[in-house]
Structure formats: C-alpha cells, structure tokens
Amino acid sequence: MSASKVMLKLDTLFTKYLLTTNVVTCGALLGIGDALVQGMNIAMTKDKKEKFDYARTGRMIVIGLSLGPFNHYWYALLDKVIKGNSGKAVLHKILSDQFIAGPFFCSTFLCGLSFLEGKGMEGAIQEWKDKFLGIYFVDWMFWPAAQFVNFKFVPGKFRVAYVSTATLIWNSFLSYAKHRHVSPTEEDFR
C-alpha cells in the first residue's frame, strides 16, 4: 500500500470514524501497556514460573474501551469550552484535566477492574482506598507536561490519538501499580 493510500485511510479514521478510532485506540493501548508490564515481569522473575495472564490483559482492554468514549468527548468539550492554545487557555485545560478527568479516570480504572476481577463493591472500594492516592500523585507528575504538549501543539482531532500514545507509558505504570501487591508511595518514585 502506498504512503498516500495510508494517509487517506488515516484521514478517514480521524474524521469520519473519529469516535470509533478513539475508543479502539484507548482499549488497544491499555492492553499493550499491560502486556509490556507482564512481559517485563516475566523476564525479570528468577524462577520463571510466572505465566502471561491473557484474562488480565483482556480486562485491561475492556476498561480501555469503556474509557474511550469519555476520553473522546472530554477533549471535544475542553476545546469547546476553553478555546485556543494561549498560555492561559493551556493552563486552564491542564487544570481542568487534572482536577476532573484525572480523578475520574483513576477511579474508573481501579474500580472497574476490581469489578471485572469479581471483587464486588467492597473490593473495589478497598482497592480505591489502597491505590488511588499513589496513582493520582504520579498522575500529577506525568500528565501536566504531556497535556501541555497536547493542548499547545496538537490539533483537536488528534488529541485522543496523542493522549493514547502518551497513555502507553502511563498504562504501563497503571498496570504495574494495579497489579502490585503494595500501594505505590512517594518513596517509590524518588
């Protein structure tokens, strides 16, 4: 396939099928992030008894697919309500993202996966209590810089694709933090 045909297909995906593209991208990259973490964990274990957990990756994909529509509409709303890419507009978008979307995504991720793992409401609440603050702390270290680039330089129709790409790094951390037996603390990231 020629480069021009690839570009035409990509343009179609990011115009005519933008919502679907954004949703599938979110799901796929959450799954890829988990697969990377599992692969690293398996490679680093000494006893080599750890096996790849396909069901775990499947659950991560389901959560990504469920968060995709919110991601899609969230960035459209931000661009509609806070116009432009001036320093002030970018700061307002970053703060809105951190105070509204950040807690929503972290909470939905933790609780949604707990439900998919069969832990029920009590397990979801406990998981949230154990891990939310540690994850949200790291969220504040990662996303403001990533979102500065997004809101300052990335055209609106490519926002979710850009965020999904940055999310590959973030998702790897989320998978690690979610599947650790201990909650991440500030000391873990110094």
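Since this is a predicted model, take the numbers as computed values, not measurements.

Chemist: Got a minute to help me understand the packing of aromatic side chains in this structure?
Modeler: The geometry of an aromatic ring pair is captured by the separation of the ring centres together with the interplanar angle, meaning the angle of the planes. Under the counting rule described, the total for this entry stands at 15 aromatic pairs. Between the aromatic rings of Phe142 and Trp170, the centroid separation amounts to 5.8 Å while the plane-to-plane angle is 20°, which identifies the pairing as stacked. Taken together, the residues span a long stretch of sequence, with Phe142 in helix α5 (residues 120-153) and Trp170 in helix α6 (residues 159-179) at a distance of 28 residues. Phe142 sits in the partly exposed class, given a relative accessible area of 22%. What makes Trp170 buried here is its relative accessible area of 7%. Ring geometry for Phe148 versus Phe153: centroids 6.1 Å apart, planes at 85°, classification edge-to-face. On the basis of relative accessible area, Phe148 is assigned to the partly exposed category, the value being 39%. Taking relative accessible area as the criterion, Phe153 reaches 58% and is therefore assigned exposed. Aromatic ring contacts, followed pair by pair, group Phe99, Trp128, Phe132, Tyr136 and Trp140 into a single cluster.

Chemist: Where do I start with the environment of Phe52 in this structure?
Modeler: Summarising the element assignment, Phe52 is placed in the loop between α2 (18-44) and α3 (54-81). For Phe52, a relative accessible area of 27% gives the class partly exposed. Taking the C-alpha atoms as reference points, Phe52 and Glu122, separated by 70 residues in sequence, lie 27 Å from one another. If we ignore the near neighbours within four places in the chain, the residues touching Phe52 are Ala35, Gln38, Ile42 and Thr57.

Chemist: I keep staring at the packing of α3 against α6 and nothing clicks. Help me out?
Modeler: The relative placement of two packed helices comes down to the angle between their axes together with the axis-to-axis distance. Where α3 contacts α6, the two axes come as close as 11 Å, and the packing angle between them is 140°. By the angle between their directions, the pair α3 and α6 is classed as oblique. As for the relative orientation of α3 and α6, their crossing is right-handed in sense. Only Arg159, Val160, Val163, Ser175 and His179 of α6 make contact with α3, whose side of the interface consists of Arg56, Met60, Asn71, His72, Tyr75 and Asp79. Across the contact of α3 with α6, the residue classes break down as four nonpolar, four polar and three charged.

Reading the values: rules and limits
- Per-chain numbering applies: the sequence of each chain, read as written, is numbered from 1 onward.
- Side-chain atom pairs in this predicted model are given and counted only at pLDDT of 80 or more, local residue features only at pLDDT of at least 70, and totals for whole chains, interfaces and linings cover all residues.
- With hydrogens and water stripped out, all remaining heavy atoms of the structure feed into the side-chain values.
- For Phe, Tyr and Trp, rings pair up if their centres lie within 6.5 Å, where Trp contributes its six-membered ring, and each pair is then called stacked (planes under 30 degrees apart), edge-to-face (over 60) or tilted (otherwise).
- Runs of E in the DSSP output that reach at least two residues are strands. Runs of H or I that reach at least four are helices, and both are numbered from the N terminus.
- Relative accessibility thresholds used throughout: buried, under 20% of the residue-type maximum; exposed, over 50%; partly exposed, between the two (1.4 Å probe, protein chains only).
- The contact criterion used is simple: two residues touch if any of their non-hydrogen atoms lie within 4.5 Å.
- Inter-axis angles, ranging from 0 to 180 degrees, are taken between N-to-C directions of lines fitted to C-alpha atoms, where helices are fitted over the stretch in contact.
- Any angle that falls under 35 degrees is termed roughly parallel, while one over 145 is termed roughly antiparallel, one within 65 to 115 roughly perpendicular, and all others oblique.
- Two helices crossing with the near one rotated counterclockwise from the far one by less than a right angle form a left-handed crossing, whereas a clockwise rotation gives a right-handed crossing.
- Charged means Asp, Glu, Lys or Arg here, nonpolar means Ala, Val, Leu, Ile, Met, Phe, Trp, Tyr, Cys or Pro, and polar covers whatever is left, Gly included.

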